[in-house]
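Fold and contact review
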Amino acid sequence: MKTNKILATLSIVALGLISTSVFAQNNWDQNHPRRAEVNSRLQNQNARVDNKVADGKMSKAEAAKIHAQDHAIRKEERRDAADNGGHITKAEQTHINHQENRVSREIRNH
């Protein structure tokens, strides 16, 4: 009886450790400095687009195109982070920044 309780307790502990490990792999470090910088820029660009639409300087169709570009960049950032244990490399950040710069110029030119 006592052995069964010990085995049950150990099983629960083991399941907890496994689920914590799986959670840690899926819980990307969104506060990693490179990820935070990329995501902050994407958030800022989305706000800029929304402001241009509200001011009548950009059509909803143009905004949808730019939002789709930002969404693709965000997906790439998440894939990169998933491949690197929750962070993105400096090279990946540089690549994403170049993409964000292109989108930023599109926003500015409207």
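Above this text you will find the structure in question.
Residues numbered from 1 in each chain as written. Predicted model: local features only at pLDDT ≥ 70, side-chain atom pairs only at ≥ 80, totals over all residues. Heavy atoms only, no water.

Details of the nonpolar core
Core analysis: the biggest nonpolar cluster contains 12 residues, these being Val38, Leu42, Val49, Met58, Ala63, Ile66, Ile73, Ala81, Ile88, Ile96, Val103 and Ile107. Mapped by element, the contributors of at least two residues to this core are helix 2 (33-54), helix 3 (60-83) and helix 4 (90-108). For this core, the element with the highest residue contribution is helix 3, accounting for four residues. The residues touching Met58, leaving out its near neighbours within four places in the chain, are Val49, Lys52, Val53, Ala63, Ile66, Ile107 and His110. (Core = buried A, V, L, I, M, F, W, Y, C linked by side-chain atoms within 4.5 Å. Buried < 20%, exposed > 50% of the residue type's maximum accessible area, 1.4 Å probe, protein only. Helix = DSSP H or I, 4+ residues; strand = E, 2+ residues; numbered from the N terminus. Contact = heavy atoms within 4.5 Å.)

What about the environment of Arg41?
Among the structural elements, Arg41 can be located in helix 2. A relative accessible area of 21% means that Arg41 is categorised as partly exposed. Between the C-alpha atoms of Arg41 and Asn97, which are 56 residues apart in sequence, the distance is 8.7 Å. When near neighbours in sequence (up to four residues on either side) are disregarded, Arg41 contacts Asn97, Glu100 and Asn101. In this structure the side chain of Arg41 is engaged in a polar contact, spanning 2.7 Å, whose partner is the side chain of Asn101. (Polar contact = N/O pair within 3.5 Å; in protein donor to acceptor, adjacent residues only side chain to side chain.)

Concerning the pattern of salt bridges
Within this structure, the stated rule accounts for three salt bridges. A salt bridge links Arg35 to Glu77; the nearest nitrogen and oxygen atoms lie 2.3 Å apart. Residue Arg35 is located in helix 2, and its partner Glu77 is located in helix 3; the two are separated by 42 residues in the primary sequence. Its relative accessible area of 1% is what places Arg35 among the buried residues. Residue classification places Glu77 among the buried positions, given a relative accessible area of 0%. (Salt bridge = Lys/Arg side-chain N within 4 Å of Asp/Glu carboxyl O.)

Some points on the packing of helix 2 against helix 3
Two numbers describe a pair of packed helices, the interaxial angle and the distance between the axes. Helix 3 packs onto helix 2 with a crossing angle of 170 degrees between their chain directions and a minimal axis gap of 10 Å. Put simply, helix 2 runs roughly antiparallel to helix 3. Residues Arg35, Val38, Asn39, Leu42, Gln43, Gln45, Asn46, Val49, Asp50 and Val53 of helix 2 pack against Lys60, Ala63, Ile66, His67, Asp70, Ile73, Arg74, Glu77, Arg78 and Ala81 of helix 3. (Axes fitted to C-alpha atoms, helices over the stretch in contact; angles between N-to-C directions. Parallel < 35°, antiparallel > 145°, perpendicular 65-115°, else oblique.)

Considerations on helix 2
The end-to-end C-alpha distance of helix 2, which contains 22 residues, comes to 31 Å, matching closely the 32 Å that a straight helix rising 1.5 Å per residue would cover. Within the sequence span of helix 2, burial applies to Arg35, Val38, Asn39, Leu42, Gln45, Asn46, Val49 and Lys52. Taken end-on, helix 2 shows its buried residues confined to a sector of 145 degrees, consistent with a single buried face. Turned more than 90 degrees from where helix 2 packs its buried face, Pro33, Gln43 and Ala54 sit exposed. (Expected span 1.5 Å × (residues − 1). Arc of directions from axis to C-beta.)

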